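Each chain, written out:
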Amino acid sequence: EENDVSEEVLVRDVLYACQGIDGSYIKYDESVDGYVLSDVIKVPRATRIMVHKLCELGWLFRKVKGYISECMDHFPAEDVGTVGQAFCAALQDELTEYYKLLAVLEAQAMNPIPLVSEAASSGNYLSLRRLSVWFAEPMVKMRLMAVLVDSCKVLRGGAMAGAIHMHAQHGDPLVHDFMKRLLRRVCSPLFEMVRSWVLEGELEDIFAEFFIVGQPVKAESLWREGYRLHAGMLPSFISPSLAQRILRTGKSINFLRVCCDDRGWADAATEAAAAAGTTTDRGGLGYGETDALELLVSEAAKRIDKHLLDVIYNRYKFKEHCLAIKRYLLLGQGDFVQYLMDIVGPELSEPANTISTFKLAGLLETAIRSSNAQYDDRDILDRLRIKMMPHNTGDRGWDVFSLEYDARIPLDTVFTESVMTRYLRIFNFLWKLRRVEHALISAWKTMKPNCISSHSFLKLQQAVKMQLLLTLRRCQVLWDEMNHFVSNLQYYIMFEVLEVSWSNFSNEMEAAKDLDDLLAAHEKYLHSIVEKALLGERSRSLYETLFVLFDLILRFRSVADRLYEGIYEMQARSTDASRDKKRRQINSKSAEPGSWVSEGRKALTQHAAKFLTTMDQELDDIGKKYSSLLKGFLSQLPIQQHIDLKFLLFRLDFTEFYSLSLSCNVNLAK
Amino acid sequence: EARVSAQRNSETKGFSVESFSSTGAEKAIGCYHASVQELIVIDDLLSALVGIEGRYTSIRRIHGKEDELTFQVDPSMDLALQELAKRIFPLCESYLLIDQFVESRSQFKKGLVNHAFAAALRALLLDYQAMVAQLEHQFRLCRLSLQGLWFYCQPMIGSMNALASVIQKASSNNYAGVDVLNLLQSQAKAMAGDHVVRTMLEKMAHCASSAYLEILERWLYEGVIDDPYGEFFIAENRTLQKESLTHDYDAKYWHQRYSLKDSIPSFLADVAGTILTTGKYLNVMRECGHNVQVRVSESSKLRNLGSNHQYLECIKAAYDFASGELLNLIREKYDLMGKLRSIKHYLLLDQGDFLVHFMDIAREELTKKAEDISVEKLQSLLDLALRSTAAAADPCHEDLTCCVERSTLLKRLSTLKDFEISKTISANNDLEEPASITGLETFSLSYKVQWPLSLVLSRKALTKYQLIFRFLFHCKHVSRQLCGAWQVHQGVRAANLKGTAVSRSSLLCRSMLKFMNSLLHYLTFEVIEPNWHVMSNRLQSAKSIDEVIQYHDLFLQKCLRECMLLLPELLKKMERLKLICLQYAAATQWLISSSVEITEPVLGSGRESVFRSSSKTLKFTENATVTDSILKFETEFNAELQSLGPILSNQSQAEPYLTHLAQWILGVGNEQ
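Criteria and thresholds
Residues numbered from 1 in each chain as written. Chains lettered and ligands numbered in written order. Predicted model: local features only at pLDDT ≥ 70, side-chain atom pairs only at ≥ 80, totals over all residues. Heavy atoms only, no water. Helix = DSSP H or I, 4+ residues; strand = E, 2+ residues; numbered from the N terminus. Buried < 20%, exposed > 50% of the residue type's maximum accessible area, 1.4 Å probe, protein only. Contact = heavy atoms within 4.5 Å. Areas by Shrake-Rupley, 256 points an atom, 1.4 Å probe, with all protein chains shown as cover. Axes fitted to C-alpha atoms, helices over the stretch in contact; angles between N-to-C directions. Parallel < 35°, antiparallel > 145°, perpendicular 65-115°, else oblique. Left-handed = near helix turned anticlockwise from the far one by under 90°. Nonpolar A, V, L, I, M, F, W, Y, C, P; charged D, E, K, R; others polar. Salt bridge = Lys/Arg side-chain N within 4 Å of Asp/Glu carboxyl O. Phe/Tyr/Trp six-rings, centres within 6.5 Å; stacked < 30°, edge-to-face > 60°. Lys NZ or Arg CZ within 6 Å of the ring centre and 35° of its normal. pLDDT = per-residue confidence, 0-100. Pairing = 2+ DSSP bridges. Core = buried A, V, L, I, M, F, W, Y, C linked by side-chain atoms within 4.5 Å.

Within chain B, the secondary structure is distributed over 23 helices and eight strands. The buried share among the 672 residues of chain B stands at 52%. A fraction of 74% describes how many contacts in chain B between residues 6 or more apart in sequence connect residues 24 or more apart. For chain B, the exposed surface amounts to about 30800 Å²; the carbon and sulfur share of it is 53%.

When two helices pack together, their arrangement is given by the angle between their axes and by how far apart the axes lie. All names here are of chain B. The contact between helix α3 (residues 79-105) and helix α4 (residues 112-140) brings their axes to 9 Å, and the two run at 140°. Regarding the angle of α3 to α4, the classification is oblique. For the element pair α3 and α4, the recorded crossing hand is left-handed. In contact with Leu 91, Tyr 95, Ile 98, Asp 99, Phe 101, Val 102 and Arg 105 of α3, α4 contributes Asn 114, His 115, Phe 117, Ala 118, Leu 121, Arg 122, Leu 125, Tyr 128 and Gln 129. Split by residue class, the contact of α3 with α4 holds ten nonpolar, three polar and three charged.

So, on to the pattern of salt bridges. All names here are of chain A. Tallied over the entire structure, the rule returns 57 salt bridges over all chains. With its nearest N and O atoms 2.4 Å apart, the salt bridge here joins Arg 303 to Glu 299. Linking Arg 303 with Glu 299, this pair stays in helix α10 (residues 290-315), spanning four residues, or about one helical turn. A relative accessible area of 22% places Arg 303 in the partly exposed class. Residue classification places Glu 299 among the buried residues on the basis of a relative accessible area of 13%. Across the pair Arg 327 and Asp 376 runs a salt bridge, and its minimum N-O distance is 3.0 Å. You can see Arg 327 sitting in helix α11 (residues 318-329) and its partner Asp 376 sitting in the loop between α13 (357-370) and α14 (378-382), a full 49 residues away along the chain.

Note on placement: A:Ile68 falls in helix α2 (residues 45-74). Considered as a pair, A:Ile68 and A:Leu91 are 23 residues apart in the sequence and their alpha carbons are 7.6 Å apart.

Moving on, we come to the side chain of B:Ser505. Residue and element names in this part refer to chain B. In this fold, Ser 505 is placed in helix α18 (residues 501-541). Since its relative accessible area comes to 1%, Ser 505 is described here as buried. Filtering out sequence-adjacent residues up to four positions away, Ser 505 remains in contact with His 489, Tyr 584 and Ile 630.

Here we come to the packing of aromatic side chains. Residue and element names in this part refer to chain A. Taken as a whole and judged by the stated rule, the model has 44 aromatic pairs over all chains. Above the plane of the ring of Tyr 28 lies Arg 62, whose end atom (NZ or CZ) is 3.7 Å from the centre. A cation sits over an aromatic face here: Lys 319 above Tyr 313, 4.7 Å from the ring centre.

Residue and element names in this part refer to chain B. In the predicted model, chain B carries a mean pLDDT of 79, and the fraction of residues at 70 or more is 83%. Predicted confidence is poor over residues 1-25, with pLDDT under 50, and the contacts of this stretch with residues over four places away or in other chains come to 41 contacts. Low pLDDT (under 50) marks residues 604-615, which in the prediction has three contacts with non-local residues, meaning those over four places away or in another chain. The ipTM for the predicted assembly is 0.72, set against a pTM of 0.75.

A separate point is the pairing of strand β5 (residues 400-404) of chain B. Residues and elements named next belong to chain B. The element β5 is largely enclosed, with a buried count of four among its five residues. Relative to strand β6 (residues 443-447), β5 runs antiparallel, the two being bridged by five bridges. Each residue of the ladder has a partner; that of Leu 400, found in β6, is Tyr 447.

Another point: the nonpolar core. In terms of nonpolar packing, the biggest core is built from 305 residues, with A:Phe318, A:Phe336, A:Phe415, A:Trp431, A:Phe633 and B:Leu49 touching the most fellow members. Looking at which element gives the most residues to this core, the answer is helix α17 (residues 462-511) of chain A, with 18 residues. B:Val284, B:Leu329, B:Tyr346 and B:Leu539 belong to the second largest nonpolar core, which has 122 residues in total.

Regular strands place side chains that alternate from one sheet face to the opposite one. Residues and elements named next belong to chain B. The alternating pattern of strand β2 (residues 69-73) places Leu 69, Phe 71 and Val 73 on a buried face, while none of Thr 70 and Gln 72, on the opposite face, is buried. Here strand β1 (residues 57-61) pairs with β2 via five bridges, running antiparallel. Each bridged residue has a counterpart across the sheet, and for Ser 58 the counterpart in β2 is Gln 72.

Residues and elements named next belong to chain A. Packing of helix α9 (residues 265-276) against α10 brings their axes to within 8 Å, and their N-to-C directions diverge by 150°. With respect to α10, the element α9 is oriented roughly antiparallel. You can see that α9 and α10 cross each other, and the crossing is right-handed. For the pair α9 and α10, contact is made by Trp 265, Ala 268, Ala 269, Glu 271, Ala 272, Ala 273, Ala 275 and Ala 276 and by Leu 295, Leu 296, Glu 299, Ala 300, Arg 303, Ile 304 and His 307, respectively. Partitioning the contact of α9 with α10 into residue classes produces eleven nonpolar, one polar and three charged.

Residue and element names in this part refer to chain B. Checked against the element boundaries, Arg 218 lands in helix α7 (residues 195-222). Each C-alpha atom, one on Arg 218 and one on Tyr 258, is 15 Å from the other, the two residues being 40 residues apart in sequence. When residues no more than four places from it in sequence are discounted, the contact partners of Arg 218 are Gly 223, Val 224 and Asp 226.

This part covers unusual backbone geometry. One non-glycine residue, A:Leu534, lies in the positive phi region at around 65°. Residue position: A:Leu534 is located in the loop between α18 (515-532) and α19 (540-587). Residue A:Leu534 is classed as buried on the basis of its relative accessible area of 1%. A positive phi angle, near 50°, is found at B:Asp335, a position not held by glycine. Tracing the chain through its elements places B:Asp335 in the loop between α10 (310-333) and α11 (336-347). Assessed through its relative accessible area of 40%, B:Asp335 is described here as partly exposed.

Right, here's the structure in full:
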């Protein structure tokens with residue numbers, strides 16, 4: 001044997017190299033990036049190859065060790081995070097195992113290798129071939145660690161755990177077990193975070209590694225914006241839906257704590273933990289127990305969501321407030337609305353800038369006291385306010401008046417500003433509708449006393465009388481038409497829209513399992529009202545037509561009032577005249593009877609004819625405009641997507657009066 | 001990508017053997033004495049056994065082909081020694097091949113089966129290396145000769161050789177997943193003669209399949225595909241949503257959401273279908289939010305792939321569990337039978353009062369042209385009819401909706417591509433649409449079906465129900481019209497009309513009525529009811545949801561066939577007959593009023609007449625056109641009815657149920 005160095009020395013050098021230490025013959029070479037046996041030493045080729053093969057372990061070790069020490073050195077200062085730390089610790093533990101093996105091997109390497117020529121002293125020696133058997137398993141593990149180190153270098157937190165999890169998908173049982181052990185360690189900080197978040201609502205995340213991120217916001221937007229998922233940090237072994245549930249559970253706890261000022265959730269959390277078979281203390285969850293995690297989360301979510309809803313329903317009386325909003329803001333309480341309309345009506349006809357809010361508030365209070373609303377909860381009534389919207393010059397009180405409902409914390413999570421603006425829009429629409437209805441009814445009041453019978457105008461000329469009757473009839477017919485429209489629209493809005501939506505909403509409210517469900521249900525409720533009540537974006541043109549129609553009806557009301565005023569005046573005058581005549585006849589049976597009377601009669605007739613002509617024209621004008629607008633409105637209705645609007649069309653056009661006239665027109669046009 | 005490159009990097013580190021091959025031996029071996037030569041050769045061979053070149057042995061690689069390499073010895077060696085050494089070289093070559101294979105197949109992207117296989121091979125190689133180390137020890141103790149080495153290597157040679165050939169096949173075809181398993185199994189079977197090799201290969205197959213069986217286990221017990229490398233033999237098509245079942249005619253979701261791939265492990269080939277359905281059932285339950293946990297005990301673990309077929313038992317048990325559970329769920333919680341019964345009430349006209357009421361109130365809307373009909377109006381009328389009749393007691397009545405189709409029944413039948421009728425009809429190609437089809441022909445009910453019942457009541461099943469409904473509905477309509485005509489006849493009974501055209505018309509009316517009623521009787525009592533009973537009994541005893549689907553489909557198919565909907569020729573005849581009936585019914589009013597004069601009694605003509613004939617007198621007036629048209633109707637109707645006879649008797653050879661129909665509607669005609 002013609003070797004420069006004996007095998008024992010080489011074995012010892014290999015052992016050193018495998019711990020990252022340069023031996024006397026085997027040294028780390030920068031240029032090849034590996035441990036090499038220096039070329040000057042003469043050894044057999046087989047030995048050289050063998051040494052080279054074994055030294056791969058050293059190269060891998062260097063890599064792993066380098067990563068660990070880098071992380072450890074930089075730890076608190078740099079961005080390693082608790083997961084990275086756990087990873088390093090787990091790697092370190094694996095290395096400890098490895099050191100143990102090396103120590104055993106080292107001891108064996110001390111025994112001399114017997115040469116072929118001499119008799120063997122002991123069988124317990126270490127040759128390069130034996131070493132390669134010993135190194136087979138550590139090599140696999142070390143390679144795995146090196147791969148992990150390579151791929152995890154740039155990752156942190158949940159992303160790192162996810163990346164390691166991807167590597168655990170390996171069919172080799174050895175690798176599989178190794179990865180499982182490693183992941184259990186690596187994921188423990190993450191699972192700890194999940195546990196404390198789900199059971200205590202604490203975000204113990206100093207290094208921003210968790211897949212839930214919190215941000216400081218105001219209490220009212222805590223639920224919507226306070227916390228969100230950070231997709232990058234979500235490890236792949238936690239499904240997005242589970243993550244969503246985790247997020248919501250912790251959010252619920254925080255919501256209870258911050259907004260509801262509630263402590264009862266702690267019991268719920270303890271109960272949940274007990275049901276899931278763990279305690280609220282640290283630890284207890286680990287990688288691979290996805291079922292346990294899911295169980296814990298679902299138990300916790302179930303109880304905490306229930307508790308949250310209990311608090312919102314019972315302590316904060318959510319349902320009562322919703323109902324109150326429906327009754328006052330959506331004009332569900334008829335007697336109150338009627339009375340309010342009656343007493344604030346005169347006030348609101350004034351220009352907007354002259355109206356005092358205080359006075360209106362007083363009137364509101366009066367309306368409450370004199371209607372059944374007075375038996376409502378004081379807390380609810382106190383939240384009802386008058387709100388004057390910003391006004392332009394020329395606005396009347398009607399245009400700016402609105403009611404407002406003050407939803408305090410925590411209900412402002414549901415009734416946010418934007419939600420309240422939508423309620424306000426609905427209120428304005430309903431208020432306008434009510435006002436129009438009110439106006440029509442009061443017009444009816446003036447028209448109703450049917451004392452304007454033709455006999456009081458006996459003295460008028462036949463032609464004028466006919467004209468008067470025609471005008472009255474026209475007025476009456478127009479009123480009927482308008483009333484039909486308004487009352488059907490009113491019916492549609494109140495019953496088909498509001499009540500149906502409310503009934504759906506209250507069903508969903510019963511079925512809601514968490515606050516998100518509740519919010520969604522409320523959103524759906526509001527949306528369906530807005531859509532069906534023509535307030536939506538798609539029905540904008542319809543809505544505008546509707547408002548023009550309303551204005552026209554209001555104009556009609558004033559015209560009708562004027563007409564009847566004029567008629568009453570004429571009536572009064574003619575009765576005066578006739579009484580005069582009678583008196584005269586009684587008093588002085590003069591020679592020229594009828595001269596004054598005939599003159600008076602003539603003036604009266606003239607006056608009446610003129611008045612009636614203008615009135616007739618005006619009514620005619622309104623009638624024409626009204627019918628063309630209504631036609632437009634009805635023809636637009638079927639184009640709307642919403643199916644319920646078709647029912648409105650049926651209702652308005654039940655006798656097919658409008659559709660017939662429409663098709664007649666079409667036929668005529670042809 | 002970083003992962004893979006790192007993997008490569010760390011692998012090539014240890015494997016750059018080629019760079020050393022240039023450093024040759026210093027002296028030719030021939031200069032040594034033979035005994036020294038033997039020692040040197042043994043040392044070299046021990047290196048070669050673990051794939052390392054020695055002083056006088058070298059590896060020759062053929063460029064471009066990774067797995068073709070040969071060992072060579074120095075030609076100056078003693079010839080006897082050379083021969084001895086050369087015997088051992090195949091073993092060394094096998095070792096190198098296997099080692100390479102292990103290295104390459106441990107990479108992540110190669111798949112779980114390859115990983116497991118590589119791990120098993122690595123364990124084997126470790127044993128082999130340990131053996132070499134033992135040989136080295138013997139060598140150092142001077143107890144090893146070249147002959148001895150050869151002897152000690154014997155047990156390994158067979159297995160290593162067999163493995164090397166397997167590996168060569170696997171790597172040349174770049175097998176992964178199922179193919180590897182199949183290869184191992186077939187190879188093990190092929191080596192049946194060699195007991196050692198066979199057991200070794202079987203062990204390999206066992207190890208390689210363990211990871212695969214875990215995937216299988218999750219699928220069987222949880223219905224989850226946990227298959228990161230796409231090796232499992234069941235593929236999932238995530239684009240298909242369960243909601244599609246309610247409108248997709250072909251029920252793609254059920255048939256294609258999960259499907260078998262082409263390559264199935266040979267040991268599972270027989271039960272692949274069972275495995276697929278088991279997981280499918282579990283999935284359905286999970287989609288329903290019904291959490292099922294199969295209790296996994298040690299005995300149900302799929303571990304042993306031996307010849308005892310324990311895994312087959314496990315699969316069977318899992319299948320029984322899943323199908324039983326799902327069937328229970330659908331039967332109990334989702335009340336399948338209740339739904340079917342409710343559908344029968346409405347779509348198969350089993351609940352009369354609702355239909356009569358509906359026909360009364362919706363007649364005006366239904367007589368409009370199909371395109372003028374407002375479906376919303378019909379829907380609200382339908383709701384009205386449902387709520388004001390006994391149907392209101394049925395909790396499912398809210399699910400009923402209505403729709404108006406665009407085409408006639410025959411046309412619709414021809415568009416359904418999976419019925420055999422379509423061919424025969426399109427071949428005839430005489431399907432001109434009638435100019436005006438009214439709602440009565442195209443009206444149809446529909447039914448909202450929720451998941452998971454949409455598995456059974458799929459779009460296709462509902463379509464079949466609708467076809468039957470349309471036919472029945474129209475028959476009912478005709479029958480009602482005829483009843484109206486009959487009433488008109490009754491109104492003039494007081495007059496003595498014997499021998500006149502009116503009495504003839506009355507007879508015709510009655511025979512038409514009899515025809516329609518017999519037809520309806522046949523359809524409902526002879527076809528639908530018995531078939532329904534058969535199905536309902538079968539459903540009670542069904543063991544799996546697939547069976548339920550199958551029985552239900554069978555029922556529908558049978559009903560369709562026996563209702564003549566699949567026999568276009570017959571169906572056309574029926575339509576023709578119904579048309580004549582309708583025309584006649586429509587004409588009746590005119591016929592009667594123009595042939596019977598109702599004279600108001602003249603007031604002054606005497607009081608007694610008022611008492612005698614209830615204030616009216618009926619007087620028959622002979623009218624030639626009336627008589628003609630009645631005769632025309634009669635001949636037409638009779639001709640059609642007669643022509644039905646041969647068709648029915650012809651076809652009843654193939655379709656025995658038609659004899660029943662023939663008996664019912666032609667019973668009188670046959671006697672004559």
